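# Descriptive structure summary
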Amino acid sequence: MSLAHGRPYLAIPGPSAMPDRVLRAMHRAAPNIYEGEIVEMTGQILADLRRVALSSGHVAIYISNGHGTWEAAIANLFSRGDTALVLATGRFGIGWAEHARAMGVEVEVMDFGLKAPADPGRLEAALRADTGRKIKAVLVTHVDTATSIRNDIAAMRAAIDAAGHPALLAVDCVASIGCDEFRFDDWGVDVMVGASQKGLMVPPGLGFVWVSDKAVAACRGSDLATPYWNWNPRIFAEAYYLHFAGTAPTHHLFGLRESLSMILDEEGLENVWARHRALAGAVWAAFDAWGQGGDLGLNVADPAFRGSSVTAARIGGGGAERLRAWAEEKAGVTLGIGLGMAEPGSAAAGDFLRVAHMGHVNAHMTLGTLAVMEAGLKALGIPHGEGGLGAAAAAIARAAV
């Protein structure tokens, strides 16, 4: 018998759960796109996007997903033949490198594997070895959505500075913005990319690029910046339509206005970060307990290097794939697939899954997901330690004091 009839729940790392009030804000007639409310609101949105990144720089909005913002960053950062150094800690670091290479950029990849963060010492050594100063920018994910590894961005900047290298620092924050602490100015970031469909709680379709004054000046001569991707007309728009290279994404903007108010003005950014840490801690506690009696566990051993928005995990013997199918078919909960953790079709391909706890998520949503997972482990006869749900509940109780 299936118990999935009712409202389904997506516990996948984007699109995340959408607040009803965001959806209601979008459910309206199209506005005048030449003057009035939408123009004033866009100015407020740009200011609040700086607030959510703790940035005093510039913001460009694109009608795209996160992959589009990769291309926007590449197009503006580089000219053909320039060199990028990519610090890869999972599928999305590799993906950004692939996009850059396909666009004519020379790419050097430092691959740190699927379980460990980028090493600032290795970065510093590589930049010291670049005596010809070929490397124009270092590209790194803050939280890789596939592995759930969180990199220390302040340490990356410190390594660049210690090497005395002029490279710009560009960071993919698609999986972390609005979830994990991020300080654009304080950490010395030059370019940051994000998207609407995860911590910002808006349907997929908006991409964002935050840019420092230093990056604007250093990249003015890029020959990869086509009219659509060029960030300068968007940043320094002389007419409203130039913010979007054409018609504004009106209804996404209405939704974003609502979500930014929820994050910044109602809950507060630091409280948002704390909520995500607490919910992540509950997921980790459950897996720690389950792992005591079976072939399952978290992908990242050190909690200091785990993202707060998504948890990557392994259940051996194809258990992850079996649990995902059971949770969706029997209980209405969709867990994330393992992405880039094993070759498709290989014996290990069914061993990985991801649990998202990003955006509009609270304690009962996370505990409900974990309860379904524990029920599935029992129903499928997958060996596991007892007390996972109790451990998660205890973690929530400690955090909520």
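Residues numbered from 1 in each chain as written. Predicted model: local features only at pLDDT ≥ 70, side-chain atom pairs only at ≥ 80, totals over all residues. Heavy atoms only, no water.

A separate point is the nonpolar core. In terms of nonpolar packing, the biggest core is built from 55 residues, with Leu87 and Trp210 touching the most fellow members. In terms of nonpolar packing, the next biggest core, distinct from the first, is built from 36 residues, Ile74, Ala97, Ala137 and Ala146 among them. (Core = buried A, V, L, I, M, F, W, Y, C linked by side-chain atoms within 4.5 Å. Buried < 20%, exposed > 50% of the residue type's maximum accessible area, 1.4 Å probe, protein only.)

What follows deals with the packing of aromatic side chains. Taken as a whole and judged by the stated rule, the model has nine aromatic pairs. Ring geometry for Tyr62 and Trp229: centres 5.4 Å apart, planes at 35°, overall tilted. One end of the pair, Tyr62, is in strand E2 (residues 58-63); the other, Trp229, is in the loop between helix H7 (213-218) and helix H8 (231-235), with 167 residues separating them in the sequence. An identical accessibility class is assigned to Tyr62 and Trp229; each is buried. A ring pair is formed by Trp70 and Trp96, whose centres lie 6.5 Å apart and whose planes are at 15°; its orientation type is stacked. With Trp70 in helix H3 (residues 66-77) and Trp96 in helix H4 (residues 91-102), the pair connects residues that are 26 residues apart, well separated along the chain. For the residue pair Trp70 and Trp96, the accessibility class agrees, reading buried in each case. Every member of this aromatic cluster is reached through a ring pair, and the members are Tyr62, Tyr228 and Trp229. (Phe/Tyr/Trp six-rings, centres within 6.5 Å; stacked < 30°, edge-to-face > 60°. Helix = DSSP H or I, 4+ residues; strand = E, 2+ residues; numbered from the N terminus.)

So, about the packing of helix H9 (residues 250-267) against helix H10 (residues 269-290). Here H9 crosses H10 at 105°, and the two axes come no closer than 6 Å. Relative to H10, the element H9 is oriented roughly perpendicular. Where H9 abuts H10, its residues Ile263, Leu264 and Glu267 lie against Leu269, Asn271, Val272 and Arg275. For the contact of H9 with H10, the residue count by class is four nonpolar, one polar and two charged. (Axes fitted to C-alpha atoms, helices over the stretch in contact; angles between N-to-C directions. Parallel < 35°, antiparallel > 145°, perpendicular 65-115°, else oblique. Contact = heavy atoms within 4.5 Å. Nonpolar A, V, L, I, M, F, W, Y, C, P; charged D, E, K, R; others polar.)

Pairing between sheet strands relies on hydrogen bonds along the backbone, with the strands arranged either parallel or antiparallel. Read across the sheet, five strands follow the order E1-E11-E12-E10-E9 without closing on themselves; strand pairing throughout is mixed. Each edge of the open sheet is held by one strand with a lone partner, namely strand E1 (9-11) and strand E9 (296-298). On average, each strand axis in the sheet is tilted by 35° relative to the strand beside it, whichever way the strands run. Bridge count between E9 and strand E10 (residues 310-315): three bridges; the pairing is antiparallel. Bridge pairing links Gly297 to Arg314 in E10. Sheet contacts for H10: E9, E10 and strand E12 (352-356); angle to E9, the most-contacted strand, approximately 150°. Here helix H11 (residues 319-331) sits on the sheet and contacts E10, strand E11 (333-337) and E12; the angle it forms with E11, its principal contact strand, is near 155°. (Pairing = 2+ DSSP bridges.)

Time to look at the pattern of salt bridges. Any two side chains of opposite charge can pair if their charged atoms end up close together. Throughout the structure, instances matching the rule amount to 19 salt bridges. Taking the shortest distance from any N to any O, the salt bridge between Arg150 and Asp180 comes out at 4.0 Å. One end of the pair, Arg150, is in the loop between strand E5 (135-141) and helix H6 (153-162); the other, Asp180, is in the loop between strand E6 (168-172) and strand E7 (191-195), and 30 residues separate them in sequence. Exposure remark for Arg150: the relative accessible area of 23% places this residue in the partly exposed category. Of the residues examined, Asp180 reaches a relative accessible area of 6% and is grouped as buried. Measuring nitrogen to oxygen at the nearest pair gives 3.1 Å for the salt bridge that ties Asp161 to Arg157. Pair noted here: Asp161 and Arg157 are both in helix H6, with a separation of four residues, about one helical turn. (Salt bridge = Lys/Arg side-chain N within 4 Å of Asp/Glu carboxyl O.)

Summarising the element assignment, Ala73 is placed in helix H3. Of the residues examined, Ala73 reaches a relative accessible area of 0% and is grouped as buried. Sequence separation of Ala73 and Pro13 is 60 residues, and the distance between their C-alpha atoms is 22 Å.

Our focus in this paragraph is empty space enclosed by the protein. Applying the stated rule across the entire model yields one cavity of 30 Å³ or more. Of the volumes computed, that of the largest cavity is approximately 30 Å³. Considering only residue class, the lining of the largest cavity consists of seven nonpolar, two polar and no charged. (1 Å grid on protein atoms, 1.4 Å probe; cavity = no way out; pocket = protein on both sides within 12 Å on 5 of 7 lines; lining within 4 Å. Points joined across faces, edges and corners; volume = space filled by probe spheres on them.)

Mapped onto the secondary structure, Ala363 falls in helix H12 (residues 363-379). Distance from Ala363 to Val333, taken between C-alpha atoms, is 15 Å for residues 30 residues apart in sequence. Setting aside its immediate chain neighbours within four residues, Ala363 contacts Leu279 and Ile396.

The next point concerns the sheet that holds strand E8 (residues 206-211). Taken in spatial order, the seven strands line up as E2-E8-E7-E6-E5-E3-E4 in an open sheet, and their pairing is mixed. Here the strands that pair on one side only, and so sit at the sheet edges, are E2 and strand E4 (106-111). For this sheet, the mean angle separating the axes of adjacent strands, direction not counted, is 20°. In this sheet, E8 lies alongside E2 in antiparallel orientation, the contact comprising six bridges. Looking at the pairing, Tyr62 lines up with Gly207 of E8. Taken strand by strand, helix H2 (residues 37-53) contacts E2, E7 and E8, and its axis lies near 110° from that of E2. This element, H3, spans E2, E5, E6, E7 and E8 of the sheet and lies at about 160° to E7.

Take the packing of H10 against helix H13 (residues 388-399) next. The geometry of a pair of packed helices is captured by two quantities: the angle between their axes and the separation between those axes. The geometry of H10 relative to H13 is characterised by a closest axis approach of 7 Å and an angle of 150° between their N-to-C directions. The pairing of H10 with H13 is recorded here as roughly antiparallel in orientation. Our pair here, H10 against H13, has a crossing hand that is right-handed. Counted together, Ala278, Leu279, Gly281, Ala282, Ala285, Ala286, Ala289 and Trp290 of H10 and Gly388, Leu389, Ala391, Ala392, Ala395, Ile396 and Ala399 of H13 form the full contact between these two elements. (Left-handed = near helix turned anticlockwise from the far one by under 90°.)

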